[in-house]
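A closer look at the structure
The residues making up each chain are set out below.
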2 protein chains.
Amino acid sequence: MRIAVLGTGSVGRAIAGRLAAQGHEVMVGTRDVASTTARTEPDARGIPAYQAWATDHPGVKLGTFADAAAHAELVVTATQGEATLPALESAGAHNLAGKVVLDISNPLDFSHGMPPTLLVKDTDSLGEQIQRTFADARVVKGLNTLTASLMVDPGQLGDGDHSVFVAGNDADAKATVVDLLHGFGWRDVIDLGDISAARGTEMYLPLWLRLMGSLGNHVFNIKVVR
Amino acid sequence: MRIAVLGTGSVGRAIAGRLAAQGHEVMVGTRDVASTTARTEPDARGIPAYQAWATDHPGVKLGTFADAAAHAELVVTATQGEATLPALESAGAHNLAGKVVLDISNPLDFSHGMPPTLLVKDTDSLGEQIQRTFADARVVKGLNTLTASLMVDPGQLGDGDHSVFVAGNDADAKATVVDLLHGFGWRDVIDLGDISAARGTEMYLPLWLRLMGSLGNHVFNIKVVR
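Here's what I pulled together on the structure shown here.

Conventions and cut-offs
Residues numbered from 1 in each chain as written. Chains lettered and ligands numbered in written order. Predicted model: local features only at pLDDT ≥ 70, side-chain atom pairs only at ≥ 80, totals over all residues. Least-squares fit on C-alpha atoms with pLDDT ≥ 70 in both. Contact = placed C-beta atoms within 7 Å. Helix = DSSP H or I, 4+ residues; strand = E, 2+ residues; numbered from the N terminus. Nonpolar A, V, L, I, M, F, W, Y, C, P; charged D, E, K, R; others polar. Pairing = 2+ DSSP bridges. Axes fitted to C-alpha atoms, helices over the stretch in contact; angles between N-to-C directions.

Attention shifts here to the relation of the copies chain B and chain A. Rotating chain B by 180 degrees and moving it 0.0 Å along the rotation axis overlays it on chain A with an RMSD of 0.0 Å. Such values leave the two copies arranged in the relation of a two-fold axis. When the interface residues of chain B are mapped onto chain A, 100% of them again fall at the interface, so both copies present the same face.

So this is what it looks like as structure tokens:
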């Protein structure tokens, strides 16, 4: 499949790398290609420059958000929460119409320090905002409840016996995403219903963050035992 | 131990019945004893009157919120979220001072229909409100992430291999609650830190409610796989 991954951070790299290794035609989208490719040093948190990662993943193309979305049959948002709607605006509604948009992003607000608060919650969600803003896109919320490395390789933890969620209004779009998730190794994919269920998975993040602090580790996930 | 359970609903009955069966001296607290004992018919949802339950649990006493709290070393709030602070006010701050208050309640607002929204979230929680309002009580948030029957009998599901959380500012109070939880059969009790972590477990409820809808069942829980 031709897939756009919007965002060059750890989530974007994990998703793009795994999809390319599976034979998909992947283009990563970024706000400013020249700026993304110019940087060669690790950032303040020690994360290598995108170009260092790209050198190891020659099959993954890089373009603007619009280039990537125009190229794609399926678009993945792997941006920081506050950057998701601007990235999709930049991609262009005409480049999203009719396409599956898998939204992995979380509306976390770090501007007031730690722990982050939520930009939207309770009566709305980022997933719903995207679906309202791009009414012709087929938005599926998923994979936003765990760390990047586990998203694409659930088997590294607990024999892969843990859970991931999808929510969206379009059954075919959800089926497409579930197929991708099965390809990553997910066995327990729970369909939470329409896109308003994104409220639930996004509001889980405060618990996830506290768990990360208590466990001293981000490679964990929840299994829904039933 | 002498324990007060504030609330006569399904959570209160589950907790009170289990604690009494374990030999604790339990008094259930209610707003209006005469009204609670006068009712003999099931309610609109088919839940039997409190008196029918009490007849099967002769070891459990009934009193006002203040009677119950005055009697107790440990106070459990098993009220609807919007009734928790009023119940504790009625119990009286002097009857809570120095005592462990295990808050099981969730600040769900059903007044706008289903799904409920949250009365408090993100930058505050009901657990924190209780701790601020009753500064001399030692508040522990716990057991608010699952259905009543599982709270006191985790072994009925998945061999009991699933997780429950505690949060609170007082280490000794948390240790007391963890002992009670072990007595119920819990093996995986995760300490999330201070009482502000109640934000995380309370904001998990929207996901819990969507899961209940998708699974068609409320007897489920999450295991933190790590």
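This paragraph deals with the interface of chain B and chain A. By a frequent convention, interface size equals the accessible area lost on bringing the separate parts together. Taken together, the 33 residues of chain B in the interface contact 33 residues of chain A. If you list the elements that add at least two residues to the side of chain B that touches chain A, you get strand E7 (117–118), strand E10 (188–191), helix H9 (198–203), helix H10 (205–215) and strand E11 (221–225) of chain B. Take the side of chain B that touches chain A: its biggest share by element is 7 residues, from H10(B). By residue class, the composition of the side of chain B that touches chain A is 15 nonpolar, 11 polar and 7 charged. Here strand E11 (residues 221–225) of chain A pairs with E11(B) via 5 bridges, running antiparallel. The partner of A:Val225 across the bridge, within E11(B), is B:Asn221.

With that out of the way, let us pick up the sheet that holds strand E8 (residues 138–142) of chain A. All names here are of chain A. The 8 strands are arranged E3-E2-E1-E4-E5-E8-E9-E10 in an open sheet whose pairing can be described as mixed. One side of each edge strand has no neighbouring strand; the edge strands of this open sheet are strand E3 (61–64) and strand E10 (188–191). Here the strands of the sheet are splayed against their neighbours by 25 degrees on average, with no regard to which way each runs. Relative to E8, strand E5 (residues 100–103) runs parallel, the two being bridged by 4 bridges. Looking across to E8, one finds that leucine 102 is bridged to valine 140. Along the sheet, helix H1 (residues 10–21) contacts strand E1 (2–6), strand E2 (25–30) and strand E4 (74–77); its crossing angle with E2, the most-contacted strand, is approximately 160 degrees. The sheet strands contacting helix H8 (residues 171–184) are E4, E5, E8, strand E9 (163–168) and E10, and the helix crosses E9 at an angle near 160 degrees.

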